[in-house]
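The lines below spell out each chain.
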Amino acid sequence: MDNELLDELYENLVLEHSRKPKNFGKLTCNCHSQKGKNPSCGDQLELFINVDNHLIKDVKFEGEGCALSISSASLMTQAIKNKNIDDVKKLLNQFILFINENKDLDEDYEPLHIYKNVHNFPLRVKCVLLPWRTLEKIITKEELNV
């Protein structure tokens, strides 16, 4: 597949997830939540995570922002749902390095590869990382350190 077709495929996936995000909404259970905001562009979201026995049982988000931040939140929630906190921490760290330093990202997380070139657009990096940095804040809270 040539690069132009691959870029088009990735662009369509971003648009699909920004228009119809997965796991969009609010969890009303006894869950952890954290707000995140990108002051440079106004993107904002609130992330809700239900953790049981070191497993992310459910995850949702609410918010508004550009296509990159909403699609990133949507894809992130899909990637971490029903995963062990330790595995989520590894993915979180790997994804941040993938975005910031163009490091490799495990093939198991294929949909997240759509952001492979975002490091070339420094102002957009914060958009993609907003949900991930919000997740990082939740995970580092004392009650989720495992």
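Not measured: the values here are computed from a predicted model.

Draft legend 1. View of the packing of aromatic side chains. By the definition in use, this model includes 4 aromatic pairs. Pairing Phe95 with Tyr115 gives two aromatic rings, centres 6.3 Å apart and planes at 90°, and the pair type is edge-to-face. Here the residue Phe95 occupies a position in helix α3 (residues 85-101), and Tyr115 occupies one in the loop between α3 and α4 (122-140), the gap between them amounting to 20 residues. One exposure class covers both Phe95 and Tyr115, and it is buried. Centroid distance Phe95 to Trp132: 4.1 Å. Interplanar angle 25°. Geometry classified as stacked.

Draft legend 2. Structural detail: α4. With 19 residues, α4 extends 25 Å between its outermost C-alpha atoms, agreeing within 8% with the 27 Å of an ideal straight helix rising 1.5 Å per residue. Along α4, the helix axis deviates most sharply at Leu129, where the bend reaches about 50°; the proline Pro131 sits within four residues downstream. Three or more residues of α4 are buried, namely Val125, Cys127, Val128, Leu129, Leu130, Pro131, Trp132, Thr134, Leu135, Ile138 and Ile139. Tucked inside the fold, the buried residues of α4 contact β1 (32-37), β2 (44-52), α2 (67-80) and α3.

Draft legend 3. Broad picture of the pattern of salt bridges. One pass over the structure, following the stated rule, counts 2 salt bridges. Of the charged contacts in the structure, one is a salt bridge between Asp58 and Lys81, with a shortest N-O distance of 3.3 Å. In this pair, Asp58 is assigned in strand β3 (residues 55-64) and Lys81 in the loop between α2 and α3, connecting sequence segments 23 residues apart. A salt bridge links Glu136 to Arg133; the shortest N-O distance between them is 3.0 Å. Of the two residues, Glu136 and Arg133 are both situated in helix α4; the distance of 3 residues between them amounts to about one turn of the helix.

Draft legend 4. Expanded view of the packing of α3 against α4. Two numbers describe how α3 lies on α4: the axes approach to 10 Å, and their chain directions differ by 155°. In this view, α3 runs roughly antiparallel relative to α4, as classed from their interaxial angle. α3 and α4 meet at a crossing whose hand is left-handed. Judged by residue contacts, Val88, Lys89, Leu91, Leu92, Phe95, Ile96, Ile99 and Asn100 of α3 engage Val125, Val128, Leu129, Trp132, Arg133, Leu135, Glu136 and Ile139 from α4.

Draft legend 5. Geometry of a negative patch on the surface. A contiguous patch of negative charge on the surface is contributed by Asp106, Glu107, Asp108 and Glu110. Relative to the helices and strands, Asp106 is located in the loop between α3 and α4.

Draft legend 6. Representation of the sheet that holds β2 within the structure. On the basis of which strands lie adjacent, the open sheet formed by 3 strands has the order β1-β2-β3 and antiparallel pairing. In this open sheet, the two edge strands, each paired with only one partner strand, are β1 and β3. Each neighbouring strand pair of the sheet contributes to a mean axis angle of 15°, computed without reference to strand direction. Sitting on the sheet, α4 is in contact with β1 and β2, with an inclination near 45° to β2.

Draft legend 7. Local environment of the environment of Gln78. When you line up the elements, Gln78 lands in helix α2. Residue class for Gln78 comes out partly exposed when judged on its relative accessible area of 39%. Linking Gln78 and Pro111, residues 33 residues apart in sequence, is a C-alpha distance of 9.8 Å. Each residue touching Gln78, except ones within four places of it in the same chain, is listed here: His17, Lys22 and Asn23.

Reading guide: rules and limits
- Residues numbered from 1 in each chain as written.
- Predicted model: local features only at pLDDT ≥ 70, side-chain atom pairs only at ≥ 80, totals over all residues.
- Heavy atoms only, no water.
- Phe/Tyr/Trp six-rings, centres within 6.5 Å; stacked < 30°, edge-to-face > 60°.
- Helix = DSSP H or I, 4+ residues; strand = E, 2+ residues; numbered from the N terminus.
- Buried < 20%, exposed > 50% of the residue type's maximum accessible area, 1.4 Å probe, protein only.
- Expected span 1.5 Å × (residues − 1).
- Bend = angle between axes of the 7 residues up to and from the residue.
- Contact = heavy atoms within 4.5 Å.
- Salt bridge = Lys/Arg side-chain N within 4 Å of Asp/Glu carboxyl O.
- Axes fitted to C-alpha atoms, helices over the stretch in contact; angles between N-to-C directions.
- Parallel < 35°, antiparallel > 145°, perpendicular 65-115°, else oblique.
- Left-handed = near helix turned anticlockwise from the far one by under 90°.
- Patch = residues over 30% accessible without salt bridge, like charges linked within 9 Å, V, L, I, M, F, W, Y side chains within 5 Å.
- Areas by Shrake-Rupley, 256 points an atom, 1.4 Å probe, with all protein chains shown as cover.
- Lys, Arg positive; Asp, Glu negative; His and termini not counted.
- Charge placed at Lys NZ, Arg CZ, Asp CG, Glu CD.
- Pairing = 2+ DSSP bridges.

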